[in-house]
Structure formats: C-alpha cells, structure tokens
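So you can see what is in the structure, the chains are spelled out below.
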Amino acid sequence: MQEILTGIVAILYESAPYLLLGFALAGVIHVALARFPRVTALLTGTGRRPIFWAAFLGLPMSLCSCSVLPAARALRREGASKGATASFLVSVPETDVVSVFATLAMIGPLFAVYRPTAALLTALAAGCAVRAIEVREL
C-alpha cells in the first residue's frame, strides 16, 4: 500500500507544473474570449465550422495532455460546442512543438509535416463524431 501511495504522490508531483500551466492558460482563454466575442462566435453554434476552428486553434498550442484539460474546460464554459471542445482536446497534445521538432530531427521533414496534418484530421474526425452523437441524442 505504501508503494502505491508513493507512486501516486510521484505522479502528482510530476504533473503539477503542467496542470498549473493549463489552469493559467484557461484563465487567459477566459479573459480573451470575454474580450473578443468574435472568437467565441467561431467556437459556438452548430455545424462543422466550430469544430474546424477549434482544431485549428489547438494546432499551434504547446500543451501536454494534462494541461489541455483545464483549457478545454474553459472553452466549454464560454460556450464552445461539445464537438468543438473534443476537437480542441485532440488537436492540442498531438501537435506539441517539441514533438514536431523531434520528429523532424529523427524521422525527417516529410513526417514533420505529416504529423500536424494527421493531428488536424483526427481532431476533425473526433469533433464530428461527438457532434453526430450529440445530434442523435436530441
């Protein structure tokens, strides 16, 4: 039992800076969306357009999968659709700048271009799948 608790504390210790970064970004997103209603309008509403914009917005962000959760929660609170939130959640951790440059160094430029392209496509697919499930539930 002691080993399990030690492992949990170690994981929390390692992930804490990333979670704090995510909460800080969530605050920035909250303020930005409040000041710029045009951005909020891009992520709200029905259809595929908010899903595309959320995926595109998530591509340049350098967040890990831990820190993207608070940021996505902030988007959802500000009115982003479920599909757009899912699209954002998928696109952000897949296109971390460090991992794209590591891909460039280890595998080459073709895969360094392929990786963000695949991230965009999978984010769009995830967002559209969530939207389809949501529409079916109504």
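Relevant structure appears above.
Computed from a prediction, not measured in an experiment: that's the story for all the values here. (Residues numbered from 1 in each chain as written. Predicted model: local features only at pLDDT ≥ 70, side-chain atom pairs only at ≥ 80, totals over all residues. Heavy atoms only, no water.)

If you tally the helices and strands in the chain, you get 7 helices and 0 strands. Along its sequence from the N terminus, the chain presents helices and strands in the succession α-α-α-α-α-α-α. Across the 138 residues that make up the chain, the buried fraction comes to 30%. Of all intrachain contacts in the chain linking residues separated by at least 6 positions in sequence, the fraction that spans at least 24 positions is 76%. Of the roughly 8900 Å² that the chain leaves accessible, carbon and sulfur atoms contribute 71%. Between the centroid of the 11 positive side chains of the chain and the centroid of its 7 negative side chains there is a distance of 15 Å. (Helix = DSSP H or I, 4+ residues; strand = E, 2+ residues; numbered from the N terminus. Buried < 20%, exposed > 50% of the residue type's maximum accessible area, 1.4 Å probe, protein only. Contact = heavy atoms within 4.5 Å. Areas by Shrake-Rupley, 256 points an atom, 1.4 Å probe, with all protein chains shown as cover. Lys, Arg positive; Asp, Glu negative; His and termini not counted. Charge placed at Lys NZ, Arg CZ, Asp CG, Glu CD.)

Let us look at the packing of aromatic side chains. By the definition in use, this model includes 4 aromatic pairs. Seen in terms of ring centroids, phenylalanine 52 and phenylalanine 56 are 5.9 Å apart; in terms of plane orientation they differ by 15°. Their pairing is stacked. Of this pair, phenylalanine 52 and phenylalanine 56 both sit in helix α3 (residues 49-58), 4 residues apart, which is roughly one turn of the helix. Phenylalanine 56 sits in the partly exposed class, given a relative accessible area of 44%. Plain terms: the ring middles of phenylalanine 111 and tyrosine 114 are 5.9 Å apart, the flat faces sit at 85° to each other, and that makes the pair edge-to-face. In this pair, phenylalanine 111 and tyrosine 114 are both assigned in helix α7 (residues 109-137), 3 residues apart and thus about one turn of the helix distant. Linked through ring pairs, Phe52, Trp53 and Phe56 together constitute an aromatic cluster. (Phe/Tyr/Trp six-rings, centres within 6.5 Å; stacked < 30°, edge-to-face > 60°.)

The angle between the axes and the distance between the axes are what describe a pair of packed helices. Between helix α5 (residues 82-94) and α7, the shortest axis-to-axis distance is 7 Å and the interhelical angle comes to 155°. The angle between α5 and α7 falls in the class roughly antiparallel. With respect to the hand of their crossing, α5 and α7 are arranged in right-handed fashion. For the pair α5 and α7, contact is made by Lys82, Gly83, Ala86, Ser87, Val90, Ser91 and Glu94 and by Arg115, Ala118, Ala119, Thr122, Ala123, Leu124, Ala126, Gly127, Val130, Arg131 and Glu134, respectively. For the contact of α5 with α7, the per-class residue count stands at 8 nonpolar, 5 polar and 5 charged. (Axes fitted to C-alpha atoms, helices over the stretch in contact; angles between N-to-C directions. Parallel < 35°, antiparallel > 145°, perpendicular 65-115°, else oblique. Left-handed = near helix turned anticlockwise from the far one by under 90°. Nonpolar A, V, L, I, M, F, W, Y, C, P; charged D, E, K, R; others polar.)

Among the surface-exposed residues, Arg73, Arg76, Arg77 and Lys82 lie close enough to one another that they form a single positively charged patch. Counting residues per element, the positive patch draws most heavily on helix α4 (residues 68-77), at 3 residues. Along the chain, the position of arginine 76 falls in helix α4. Judged by its relative accessible area of 34%, arginine 76 is partly exposed. (Patch = residues over 30% accessible without salt bridge, like charges linked within 9 Å, V, L, I, M, F, W, Y side chains within 5 Å. Salt bridge = Lys/Arg side-chain N within 4 Å of Asp/Glu carboxyl O.)

This part is about α4. Along α4, the residues classified as buried are Val68, Pro70, Ala71, Ala72, Ala74 and Leu75. Two residues or fewer past α4, glycine 79 is found with a positive phi of approximately 110°.

At a minimum axis separation of 8 Å, α3 and α5 run at an interaxial angle of 25°. Compared by their axis directions, α3 and α5 come out roughly parallel. Taken as a pair, α3 and α5 cross one another with a handedness that is right-handed. Together, Pro50, Ile51, Ala54, Ala55, Leu57 and Gly58 of α3 and Gly83, Ala84, Ser87, Phe88, Ser91 and Val92 of α5 make up the contact between the two elements. A breakdown of the residues in the contact of α3 with α5 according to their chemical character gives 8 nonpolar, 4 polar and no charged.

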